[in-house]
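The residues making up each chain are set out below.
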Amino acid sequence: MSQSDDKGFKADATPTPAGEAAAELAATAEEASQPEKRLSPFRRSPSLLVGTIIVAFFVLMALFPQLFTSGDPYALDGSQMLLPPSADHLMGTDNFGYDIWTRVVYATSLDLIIGVASVSLPFVVGVLLGLLAGYYGGKLDSIIMRVLDCFVAFPFMVLAIAIVAILGSGVRNLIIAMWVVSWPEYTRLVRAEVLVAKQSEYVQAAKTLGYSDLRIMFRHILPNVISSSVVYAASDVVMCIMTGAGMSFLGLGVPQPTPEWGAIISGGKSFITTAPWISILPGLMMAVVGLGLSLVGDGLNDLLRTKD
Amino acid sequence: MKSLRYLLKRILQMIPVLFVAVVVIFLLMRFLPGDSALATLGDKIDPRAYEAIKEERGLNASIPEQFAIYFSNLLQGDMGTSVIYNEKVSALIGTRMVTTICLALIATIFTVLISLPLGYLAGVKRDKPADAVIRVFALIGLSSPAFWVGLLLLIVFGVQLKLLPVSGWGRSWPAHFRALILPGMTLAFSSIAVLIRNIRNNVIDVQEADYVDFGRSKGLSNWAISTGYVLRNALIPTVTLLSLRIIGMLSGSVIIENIFGLPGIGALLVQAVTGRDYAVVQGCVIVFVIIVLVVNVITDFLYSVLDHRIQLGGDEA
């Protein structure tokens, strides 16, 4: 959004002509938030296309694991321990005789759920707080920002571990810990953009028209400030999946024997000399998921940036 | 003089944040399932012994009273006693803090040394093969989980090539340094990726700026423009990002120290959480918060050195 100070507009701020100009400006602002429909987003951003294909593949795997493996993720086979990858066991087997490929496939849904669930609530709460802090400023702003300062004074992993220490391990508590640590970034991003947007003509115009604060915040400002948070959210999903897996890797996340990527990779730690495939191959899968989501984020960034 | 006043002001601003963090962590630890007296006794619970330990540790006092005692001890550098090690928490943390700080420091050095030239190259050679290769590398770095990268490096350099130690900290400084190379690289991996992308975009933006054209029209050499104009201005936003990444590295160190068997405060924290050693948990968390606050102050300072427009002591938005 252009942010040039239109002195001419401010100078003739008499009710009638300014009112018309304001209505026009307010209308453009609402229009500007409509997505462009000229060219399909995938043609405009190859990153988005490749990323979406990768992510769609894993969503399919999460929804229908039976399509990718005929095995049972909890089936132990004592005669099939620590076998290297083969046609029967695509990723080999571990020290318990679990088929790693089967467990990795069944873990997909849990890991994707952890990623998406960890981001969704902080996204909504963080954006709302940023909007309120930026728009109203003053006392409310300083309260929100001082609380935020306290949250970001902790390295996120340290705070997440402290929370899991209190609530106990497990999927639900892991997600709660992520909620607590991930909202500040959204608040910061949105607040900074609201501070700029507040000075812009379309907001001044909407104010001149006497629109309510709520209408200005949600219909005029929000659509214009949300894009950086959407782009960030894509990379945040990757980070939450990795942090969640990292917690399980430390033994503080998803309990055994539930299939989860971090826990599977952690299980291979003691066998890196004798059976390195236990850790390497599931990690490779995770990296591909991360790559897909990062590409989606890059693609969204390309699309939303070219609009300016 | 002015910068000294500024530094003092920033340190004063840290105090309330630190105090709130101490209160929060103290309260959180009071909600832990089971208290430290139970943790010491284990399964054989003798009610009288339990009461005696509670009395001895002041666990029967009200929460505000407990906090007052805890806080006044803390001000004197006393963080309580570990139930697992039966040692002063401050002594436990003191030696381990050095490991964690060295790890973060070496990872920061790797990050800067690798991301600066690569990010600059990618920006200058925009859309050329070099840029494409560097961007793919950065994307892979961004997508790979740190603990996986750590295990890979361990397998390749530690187990297969036997170039570097697989685990442990060593006894002398040269040994410490060798022990830190693999964990340092692991920790730096994703930061390198983030910074390369950031520096590349900044270099592209700055190259298009008017003052670079102006420098050219004045007849300045390419070298003078690259270092004096492009690099300097491209680095200003990077400094903030780097400080965020250093704080991120403190998070990462918790996992990395566990993989490489390094005796740092991250590893200590995980042990303490698993063993319900809550004086140690509290101590570790507070030390982490102090490190974060110090990193923030240093960043502000660097920022003002790089950008003369930023006035020290001015109110931030």
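Residues numbered from 1 in each chain as written. Chains lettered and ligands numbered in written order. Predicted model: local features only at pLDDT ≥ 70, side-chain atom pairs only at ≥ 80, totals over all residues. Heavy atoms only, no water.

## Some points on the overall build of chain B
A count of helices and strands for chain B gives 12 helices and 0 strands. In chain B, the succession of helices and strands from N to C terminus is α-α-α-α-α-α-α-α-α-α-α-α. Scored against the burial criterion, the 317 residues of chain B give a buried share of 45%. Across chain B, every contact between residues at least 6 apart in sequence was considered, and the portion connecting residues at least 24 apart equals 72%. For chain B, the accessible surface area stands at approximately 15800 Å², while carbon and sulfur atoms represent 66% of it. (Helix = DSSP H or I, 4+ residues; strand = E, 2+ residues; numbered from the N terminus. Buried < 20%, exposed > 50% of the residue type's maximum accessible area, 1.4 Å probe, protein only. Contact = heavy atoms within 4.5 Å. Areas by Shrake-Rupley, 256 points an atom, 1.4 Å probe, with all protein chains shown as cover.)

## Focus: the packing of helix 7 (residues 146-160) of chain B against helix 10 (residues 222-260) of chain B
What describes two packed helices is the angle between their axes and the distance between those same axes. All names here are of chain B. Packing of helix 7 against helix 10 brings their axes to within 10 Å, and their N-to-C directions diverge by 30°. When the axes of helix 7 and helix 10 are compared, the pair comes out roughly parallel. You can see that helix 7 and helix 10 cross each other, and the crossing is right-handed. On helix 10, the residues touching Ala146, Phe147, Gly150, Leu151 and Leu154 of helix 7 are Ile255, Ile256, Ile259 and Phe260. A breakdown of the residues in the contact of helix 7 with helix 10 according to their chemical character gives 8 nonpolar, 1 polar and no charged. (Axes fitted to C-alpha atoms, helices over the stretch in contact; angles between N-to-C directions. Parallel < 35°, antiparallel > 145°, perpendicular 65-115°, else oblique. Left-handed = near helix turned anticlockwise from the far one by under 90°. Nonpolar A, V, L, I, M, F, W, Y, C, P; charged D, E, K, R; others polar.)

## Some thoughts on the packing of helix 5 (residues 89-124) of chain B against helix 11 (residues 265-274) of chain B
Residues and elements named next belong to chain B. Where helix 5 meets helix 11, the closest approach of the two axes is 8 Å, and the angle between their N-to-C directions is 130°. With respect to helix 11, the axis of helix 5 lies oblique. For the pair helix 5 and helix 11, contact is made by Leu92, Ile93, Arg96, Met97 and Thr100 and by Ile265, Gly266 and Leu268, respectively. Here the residues of the contact of helix 5 with helix 11 are counted per class, giving 5 nonpolar, 2 polar and 1 charged.

## Remarks on the packing of aromatic side chains
Residues and elements named next belong to chain A. Evaluated as defined, the whole model comprises 14 aromatic pairs over all chains. Look at phenylalanine 123 and tyrosine 186: their rings are 5.4 Å apart centre to centre, the planes differ by 75°, and that puts the pair in the edge-to-face class. Placement of phenylalanine 123 in helix 5 (residues 100-136) and of tyrosine 186 in helix 8 (residues 171-198) is noted, with a sequence separation of 63 residues between them. On the accessibility criterion, tyrosine 186 (0% relative accessible area) is buried. Pairing phenylalanine 151 with tryptophan 183 gives two aromatic rings, centres 5.2 Å apart and planes at 70°, and the pair type is edge-to-face. (Phe/Tyr/Trp six-rings, centres within 6.5 Å; stacked < 30°, edge-to-face > 60°.)

## Notes on the side chain of B:Thr108
Looking at the secondary structure, you find B:Thr108 in helix 5. In this view, B:Thr108 contacts B:Leu242, B:Ile246 and B:Met249; residues no more than four positions away in its chain are not counted.

## Concerning the pattern of salt bridges
Where charged atoms of side chains with opposite charge meet at close range, the side chains can pair. Residues and elements named next belong to chain B. Per the stated rule, a full pass over the model turns up 10 salt bridges over all chains. Between aspartate 131 and arginine 135 there is a salt bridge whose closest N-O contact spans 4.0 Å. Of this pair, aspartate 131 and arginine 135 both sit in helix 6 (residues 129-143), 4 residues apart, which is roughly one turn of the helix. Among the ionic contacts, a cluster of salt bridges with common partners joins Arg126, Asp127 and Glu208. (Salt bridge = Lys/Arg side-chain N within 4 Å of Asp/Glu carboxyl O.)

## Thoughts on the interface of chain A and chain B
Taken together, the contacts link 39 residues of chain A with 40 residues of chain B. Both sides of the chain A and chain B interface together cover about 3500 Å² of buried area, and 82% of this is carbon and sulfur. Looking at the side of chain A facing chain B, the largest losses of area belong to A:Phe154, A:Ile166 and A:Ile272, adding up to 17% of the total buried there. Scanning the region where chain A abuts chain B turns up 1 salt bridge. Inspection of the region where chain A meets chain B yields 5 residue pairs in polar contact (both at pLDDT 80 or more). Listing elements by their share of the side of chain A that touches chain B, those giving two or more residues are helix 6 (138-152), helix 7 (156-167), helix 8, helix 11 (227-249), helix 12 (261-267) and helix 13 (277-306) of chain A. For the side of chain A that touches chain B, a count of residues per class yields 27 nonpolar, 7 polar and 5 charged. (Buried area = accessible area lost by both parts, 1.4 Å probe. Polar contact = N/O pair within 3.5 Å; in protein donor to acceptor, adjacent residues only side chain to side chain.)

## Focus on helix 11 of chain B
All names here are of chain B. For helix 11, a buried count of 8 out of 10 residues is recorded, marking the element as mostly surrounded by other parts of the structure. Three or more residues of helix 11 are buried, namely Ile265, Gly266, Ala267, Leu268, Leu269, Val270, Ala272 and Val273. Taken from the residues just after helix 11, arginine 276 is the one with a positive phi, measuring 55°.

## Comments concerning the state of the cysteines
Simply put, the disulfide is a covalent bond whose two ends are the sulfur atoms of two cysteines. Applying the stated criterion to the full structure yields 0 disulfides over all chains. Counting only cysteine sulfurs, B:Cys284 is the nearest neighbor of B:Cys102, a cysteine outside any disulfide, at a range of 17 Å. (Disulfide = S-S within 2.5 Å.)

## Topic: the nonpolar core
Core analysis: the biggest nonpolar cluster contains 145 residues, and A:Ile161, A:Ile221 and B:Leu269 have the highest contact counts within it. In terms of residues, this core owes the most to one element, helix 12 (residues 278-306) of chain B, which gives 15 residues. Within the second largest apolar cluster, 8 residues are counted, among which are B:Val203, B:Val212, B:Tyr229 and B:Val230. (Core = buried A, V, L, I, M, F, W, Y, C linked by side-chain atoms within 4.5 Å.)

## Describing helix 11 of chain A
One full turn of an α-helix is made of 3.6 residues, so residues set three or four places apart face in the same direction. Residues and elements named next belong to chain A. Compared with the 33 Å implied by 1.5 Å per residue over 23 residues, the 33 Å span of helix 11 between its first and last C-alpha is a close match. Along its length, helix 11 reaches its greatest deviation from straightness, about 25°, at alanine 234. Immediately downstream of helix 11, the backbone of glycine 251 shows phi near 85°, a positive value. (Expected span 1.5 Å × (residues − 1). Bend = angle between axes of the 7 residues up to and from the residue.)

## A few points about a nonpolar patch on the surface
Residues and elements named next belong to chain A. A cluster of nonpolar side chains, contributed by Leu121, Val124, Val125, Leu128, Trp179, Leu214 and Phe218, occupies part of the molecular surface with about 580 Å² of accessible area. Elements with a contribution of two residues or more to the nonpolar patch: helix 5 and helix 10 (213-225). Counting residues per element, the nonpolar patch draws most heavily on helix 5, at 4 residues. The topology assignment puts valine 124 in helix 5. (Patch = residues over 30% accessible without salt bridge, like charges linked within 9 Å, V, L, I, M, F, W, Y side chains within 5 Å.)

## Details of the confidence of the model for chain B
Residues and elements named next belong to chain B. Looking at chain B, the pLDDT average stands at 84 and 89% of residues meet or exceed 70. Helix 2 (residues 36-41) is the least confidently modelled element of chain B, averaging 58 in pLDDT, while helix 5 averages 93, the highest of any element. Within the model, the stretch residues 313-317 combines pLDDT values under 50 with 5 contacts to residues more than four positions away or in other chains. In the predicted complex, the global pTM is 0.83; the interface-specific ipTM is 0.83. (pLDDT = per-residue confidence, 0-100.)

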